[in-house]
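Examining the three-dimensional arrangement
Each chain is listed here by its residues.
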Amino acid sequence: NAGFGNFTFGYKLLMRPDDPNTLFAATSNGLWRTEDGGITWNNILNGAVTDIEFRPDNPEVIYAVTPTTFWRSEMGGDMFDDITCGITNTGVRMALAVTPADPDYVYILSGGNLQDGMGNNLAGTYRGVYQSTDGGDCFTQQSTTPNILDGTTDGSDTRQQATYDLAIAASSTDPEQVVIGGINTWTS
């Protein structure tokens, strides 16, 4: 059980590329790490961690996202810093992408319904794609429209399934090319 508890959702399991006994589990109950092949687990970051990635050229650098925060560890997960530079419009879920084409590139995809104080969903479910070219020190918002997370082919609706369907991948040969998956698939 390792402290995960009932109704803990697993978002991603990532193995350290230079050590098959070290794994990271991004869950609705935090980011967990094992260094003994899964026998024991320790919670190293609280909150609902929805995605994690290693910097492609250095597995000591780990990127993680909670619903509204980008986190970076430069110590293999022993300590995380929250990075806010340039991230201004978050939703309820974020996803990450990195690329070996340029390890300084980090992408964040943010989406999901926000609610007003009365619990009503607000329109506009695509919060944006953010790009960092300095290893996650600071981000620049690349777009917020059209709503690429909806089900139409032109992004004109306010529907979305970002809590179910939210994916971003960066090309392994061109750091400027990304593919985004929501209900449909889009590419830059």
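Remember, predicted model here, so these are calculated numbers, not experimental data.

Across its full length, the chain carries zero helices and 15 strands. Against the 2.2 N^0.38 benchmark of 16 Å for 188 residues, the chain shows a C-alpha radius of gyration of 16 Å, consistent with a compact globule. Across the 188 residues in the chain, those meeting the buried criterion constitute 45%. Put simply, of all contacts in the chain between residues at least 6 apart along the chain, 41% involve residues at least 24 apart. Of the roughly 9,000 Å² that the chain leaves accessible, carbon and sulfur atoms contribute 48%.

This part covers the packing of aromatic side chains. To describe a pair of aromatic rings, you give the distance between the ring centres and the angle between the ring planes. Throughout the structure, instances matching the rule amount to four aromatic pairs. Relative to F139, the ring of F70 lies with its centre 4.9 Å away and its plane at 75°, an arrangement referred to as edge-to-face. Separated by 69 residues along the polypeptide, F70 in strand β7 (residues 69-73) and F139 in the loop between β11 (126-132) and β12 (140-143) bring together distant segments of the chain. Each member of the pair, F70 together with F139, is buried. When the centroid spacing of 6.3 Å and the interplanar angle of 45° are considered together, the rings of Y105 and Y107 count as tilted.

If you walk across this open sheet you meet the four strands as β5-β6-β7-β8, and the pairing is antiparallel. Because the sheet does not close on itself, it has two edges, and the strands there are β5 (51-55) and β8 (81-83). Averaged over all pairs of adjacent strands, the angle between their axes in this sheet comes to 30°, without regard to strand direction. Where strand β6 (residues 58-66) and β7 come together, five bridges link them in antiparallel fashion. Residue pairing for β7: V65 is matched across the bridge by F70.

Attention shifts here to the pairing of β7. One face of the sheet, then the other: side chains in a regular strand alternate in exactly this way. The buried fraction of β7 is high, at five of five residues. Going residue by residue along β7, you find T69, W71 and S73 tucked away on one face and F70 and R72 tucked away on the opposite face as well. Adjacent in sequence and paired antiparallel, β6 and β7 are bridged by two residues. Where β7 lies against β8, three bridges are found, and the strand directions are antiparallel. Note on β8: the bridge partner recorded for R72 is D81.

Overall, antiparallel pairing links the four strands, which are arranged β1-β2-β3-β4 in an open sheet. The sheet terminates laterally at β1 (10-15) and β4 (42-45), the two strands that pair on one side only. Mean inter-strand twist for the sheet, computed between neighbouring axes without regard to direction, equals 25°. Where strand β3 (residues 30-34) meets β4, three bridges bridge the pair, whose relative direction is antiparallel. In the sheet register, R33 faces β4, and the bridge partner there is N42.

What follows is about the nonpolar core. Residues Y107, L109, V129, L149, I168 and I180 are the most contacted members of the largest nonpolar core, which totals 15 residues. Elements with a contribution of two residues or more to this core: β9 (93-98), β10 (106-111), β11, β13 (167-170) and β14 (178-181). When near neighbours in sequence (up to four residues on either side) are disregarded, Y107 contacts A95, L96, A97, V129, Y130, Q131, I168, A170, P175, E176 and V178.

By volume, the largest pocket is sized at about 230 Å³. Together, 15 residues line the largest pocket, and V129, S143, V178, I180 and S188 are the ones closest to its centre. Every element with two or more residues in the lining of the largest pocket is listed here: β11, β12, β14 and β15 (185-187). Class assignment for the residues of the lining of the largest pocket results in eight nonpolar, six polar and one charged.

The rules we used
- Residues numbered from 1 in each chain as written.
- Predicted model: local features only at pLDDT ≥ 70, side-chain atom pairs only at ≥ 80, totals over all residues.
- Heavy atoms only, no water.
- Helix = DSSP H or I, 4+ residues; strand = E, 2+ residues; numbered from the N terminus.
- Rg over C-alpha atoms; globule rule 2.2 N^0.38 Å.
- Buried < 20%, exposed > 50% of the residue type's maximum accessible area, 1.4 Å probe, protein only.
- Contact = heavy atoms within 4.5 Å.
- Areas by Shrake-Rupley, 256 points an atom, 1.4 Å probe, with all protein chains shown as cover.
- Phe/Tyr/Trp six-rings, centres within 6.5 Å; stacked < 30°, edge-to-face > 60°.
- Pairing = 2+ DSSP bridges.
- Axes fitted to C-alpha atoms, helices over the stretch in contact; angles between N-to-C directions.
- Core = buried A, V, L, I, M, F, W, Y, C linked by side-chain atoms within 4.5 Å.
- 1 Å grid on protein atoms, 1.4 Å probe; cavity = no way out; pocket = protein on both sides within 12 Å on 5 of 7 lines; lining within 4 Å.
- Points joined across faces, edges and corners; volume = space filled by probe spheres on them.
- Nonpolar A, V, L, I, M, F, W, Y, C, P; charged D, E, K, R; others polar.

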